[in-house]
Amino acid sequence: MKYYSLNRKVVDESFKNAVIKGLAPDRGLYSPGYIAPLPKEFFEQIDNYSYPEIAFNAIRQFVTPDIPEPVLKDIIKETLSFDFPVVQLDDHISTLELFHGPTMAFKDVGARFMARCLGYFNKDNDETVTVLVATSGDTGGAVANGFLGVKGVNVVILYPSGKVSDIQEKQLTTLGQNITALEVQGTFDDCQDMVKTAFLDDDLISEMQLTSANSINVARWLPQMFYFIFAYKQLHNIHKNLVFSVPSGNFGNICAGIMAQQLGLPITHFIASNNVNNVVTEYLKTKLFQPKHSIQTISNAMDVGNPSNFIRIQEIYKNSFDALKDNISSYSFTDAETKEAMKEIHNKYNYVADPHGAVGYLGAKAYLKDNPNAH
Ligand SMILES: *Cc1c(COP(=O)(O)O)cnc(C)c1O
């Protein structure tokens, strides 16, 4: 697969270079040159495929020939070392549990996959790649854990002081080896700005190979397609009319789901569920995409004021507002509503949801009001 930059000045970049650079030299996000849908039979016969086989079929076109097929199979096997269960709450709502990985964040999938790709690209040379990443909590832990001990890769994580949980801080700061964590007196946006400034610094990037492990990196973003298909495998015999409500921050996860749909995954609709950082909810109402300063909430991995992957979603719909709106709804919820939802989920279903999951639940419920036949 060749990648092009969404700023259109870079075309025909290899997967390898797209991963090592993270962001294109013209500052655009990399996007795959085409998406070849998988045969219909693949989804009809999904029950006959194991998870590693599903993942292999989903991502093969995007990473070969840079990652040869046998290597890809090994990378997938190592990436998927934990389960992805769907738990049914009632006839209309199930939850896809993405917290069974080593750091309990769905980002384990992308981080583990990307780390192994970089490890493969670096195995025969002595160059060092520095992965620079800003985190509001979950990304840093997953990246630190996924990249620990990978040859030729140094990881530097910037995190906002006092704004990640104690466990998250320990996940970032206690591993040692090739992982360095820097505590920043500021917000997540400040950390993100420092990372962006570093990428723009010509002196710095002529001295060292810098890349990103945020979802702007194609090797972290694309493997997130896998578990949308795993969920489909678990649900398609029980429920038709499947819809995903995705708790969204930087919009990498939901964009990966939409990529899986482009491959042919029979999903009716996507719901972008937001906390009060509601740039996309507002966009779908007003057609105006207006980035804002992020507001701190209890679903902190979604405190993003300028979701960087949204432009990839617009590109998938060829920048047609109407096509995008046909396939995506968006709702935004306050912390008070989120807390109420956590209580409701516990009382009604005896299930414990974290604030991000609760926002996803609220988005699903809002959509079900007008679309009672969805699951
Ligand atoms: C990262 C994260 C999100 C946001 O995902 P995006 O891909 O940035 O939209 C939502 N919930 C949790 C728990 C996360 O860790």
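Shown above is the structure to which this text applies.
So, here is what we can say about the structure in this document.

Reading the values: rules and limits
- Residues numbered from 1 in each chain as written.
- Predicted model: local features only at pLDDT ≥ 70, side-chain atom pairs only at ≥ 80, totals over all residues.
- Heavy atoms only, no water.
- Helix = DSSP H or I, 4+ residues; strand = E, 2+ residues; numbered from the N terminus.
- Rg over C-alpha atoms; globule rule 2.2 N^0.38 Å.
- Contact = heavy atoms within 4.5 Å.
- Salt bridge = Lys/Arg side-chain N within 4 Å of Asp/Glu carboxyl O.
- Buried < 20%, exposed > 50% of the residue type's maximum accessible area, 1.4 Å probe, protein only.
- Phe/Tyr/Trp six-rings, centres within 6.5 Å; stacked < 30°, edge-to-face > 60°.
- Lys NZ or Arg CZ within 6 Å of the ring centre and 35° of its normal.
- Near = heavy atom within 4 Å.
- Polar contact = N/O pair within 3.5 Å; in protein donor to acceptor, adjacent residues only side chain to side chain.
- Areas by Shrake-Rupley, 256 points an atom, 1.4 Å probe, with all protein chains shown as cover.
- Nonpolar A, V, L, I, M, F, W, Y, C, P; charged D, E, K, R; others polar.
- Expected span 1.5 Å × (residues − 1).
- Arc of directions from axis to C-beta.
- Patch = residues over 30% accessible without salt bridge, like charges linked within 9 Å, V, L, I, M, F, W, Y side chains within 5 Å.
- Lys, Arg positive; Asp, Glu negative; His and termini not counted.
- Charge placed at Lys NZ, Arg CZ, Asp CG, Glu CD.
- Core = buried A, V, L, I, M, F, W, Y, C linked by side-chain atoms within 4.5 Å.
- Disulfide = S-S within 2.5 Å.

**A look at the overall build of the protein**
- Secondary structure summary: the protein contains 17 helices and twelve strands in total.
- Relative to the compact-globule value of 21 Å for 375 residues, the protein shows a C-alpha radius of gyration of 20 Å, a close match.
- If one aligns the C-alpha atoms of the protein with their principal axes, the spans along those axes are about 55 × 50 × 40 Å.
- Across the protein, the fraction of contacts at a sequence separation of at least 24, relative to all contacts at a separation of at least 6, is 72%.

**Comments concerning the pattern of salt bridges**
- On inspection of all chains with the given rule, the structure shows nine salt bridges.
- Salt-bridge contacts for Lys21 lead to Glu13; the nearest nitrogen and oxygen are separated by 3.1 Å.
- Among the salt bridges present, the one from Glu78 reaches Arg116, with a minimum N-O distance of 2.8 Å. Of this pair, Glu78 sits in helix 4 (residues 69–79) while Arg116 sits in helix 5 (residues 107–122), and the two are 38 residues apart along the sequence.
- Residue classification places Arg116 among the partly exposed positions, given a relative accessible area of 23%.
- Each of Glu344, Lys348 and Lys365 takes part in one network of salt bridges that share partners.

**Focus: the packing of aromatic side chains**
- All told, the structure shown has 21 aromatic pairs when counted by the stated rule.
- Measuring from centroid to centroid gives 4.8 Å for Phe42 and Tyr49, while their planes differ by 65°, and the two rings are edge-to-face.
- Residue class for Tyr49 comes out partly exposed when judged on its relative accessible area of 24%.
- When the centroid spacing of 6.1 Å and the interplanar angle of 80° are considered together, the rings of Phe113 and Phe226 count as edge-to-face. You can see Phe113 sitting in helix 5 and its partner Phe226 sitting in helix 11 (residues 226–235), a full 113 residues away along the chain.
- With relative accessibility at 1%, the residue Phe113 sits in the buried group.
- Given the relative accessible area of 0%, Phe226 is considered buried.
- What links up through ring pairs into an aromatic cluster is the set Tyr51, Phe82, Phe84, Phe106, Tyr227, Phe228, Phe230, Phe244 and Phe270.
- Over the ring of Phe56 we find Lys73; its NZ or CZ atom is 4.8 Å from the centre of that ring.
- One cation-aromatic arrangement involves Arg312 over Trp221; the distance from NZ or CZ to the ring centre is 4.1 Å.

**Points about the environment of Ser320**
- Topologically, Ser320 is positioned in the loop between helix 14 (310–316) and helix 15 (321–327).
- Considering only alpha carbons, one finds Ser320 and Gln290, 30 residues apart in sequence, at a separation of 17 Å.

**Focus on the site of the ligand**
- Looking at the ligand, there are 13 residues lining it, with Lys107, Asp138, Gly249, Asn250 and Asn253 nearest.
- In the environment of the ligand, an oxygen atom lies 2.8 Å from a nitrogen or oxygen atom belonging to the backbone of Gly249.
- Starting from 390 Å² of accessible surface for the ligand in isolation, the protein chains cover 90%.
- Classifying every residue of the shell around the ligand gives five nonpolar, six polar and two charged.

**A word on helix 8 (residues 188–200)**
- With 13 residues, helix 8 extends 19 Å between its outermost C-alpha atoms, agreeing within 8% with the 18 Å of an ideal straight helix rising 1.5 Å per residue.
- Taken together, the buried positions of helix 8 are Phe188, Cys191, Gln192, Val195, Ala198 and Phe199. Buried residues along helix 8 cover an arc of 120° about the axis, so they all sit on one side.
- In this fold, the buried residues of helix 8 make contact with strand 6 (129–134), strand 7 (153–160), strand 8 (179–184), helix 9 (202–207) and strand 9 (209–212).
- Near the N-terminus of helix 8, the side chain that reaches the backbone nitrogen of Asp189, with its oxygen 3.3 Å away, is that of Thr187.

**Thoughts on a negative patch on the surface**
- A surface patch of negative charge is lined by Asp201, Asp202, Asp203 and Glu207.
- For Asp201, a relative accessible area of 34% translates into the label partly exposed.

**Let's talk about the nonpolar core**
- The biggest cluster of nonpolar side chains holds 92 residues, and the ones touching the most others in it are Phe15, Ile59, Phe62, Phe147, Met225 and Ile313.
- Those residues in contact with Ile59, other than ones at most four positions away along the chain, are Leu72, Ile76, Phe113, Leu222, Pro223, Met225 and Phe226.

**Considering the state of the cysteines**
- Enumeration over the complete set of coordinates arrives at zero disulfides.
- In this structure Cys117 is a free cysteine whose sulfur lies 18 Å from that of Cys255, the closest cysteine sulfur available.
- Classification of Cys255 by relative accessible area gives buried; the value is 0%.

**Points about the environment of Phe270**
- Considering the arrangement of structural elements, one finds Phe270 in strand 11 (residues 269–274).
- As a C-alpha pair, Phe270 and Met259 span eleven residues in sequence and 12 Å in three-dimensional space.
- Those residues in contact with Phe270, other than ones at most four positions away along the chain, are Phe228, Phe244, Val246, Ile254, Gly257, Ile258, Gln261, Asn327, Ile328 and Ser329.

Keep in mind these values describe shape, not function.
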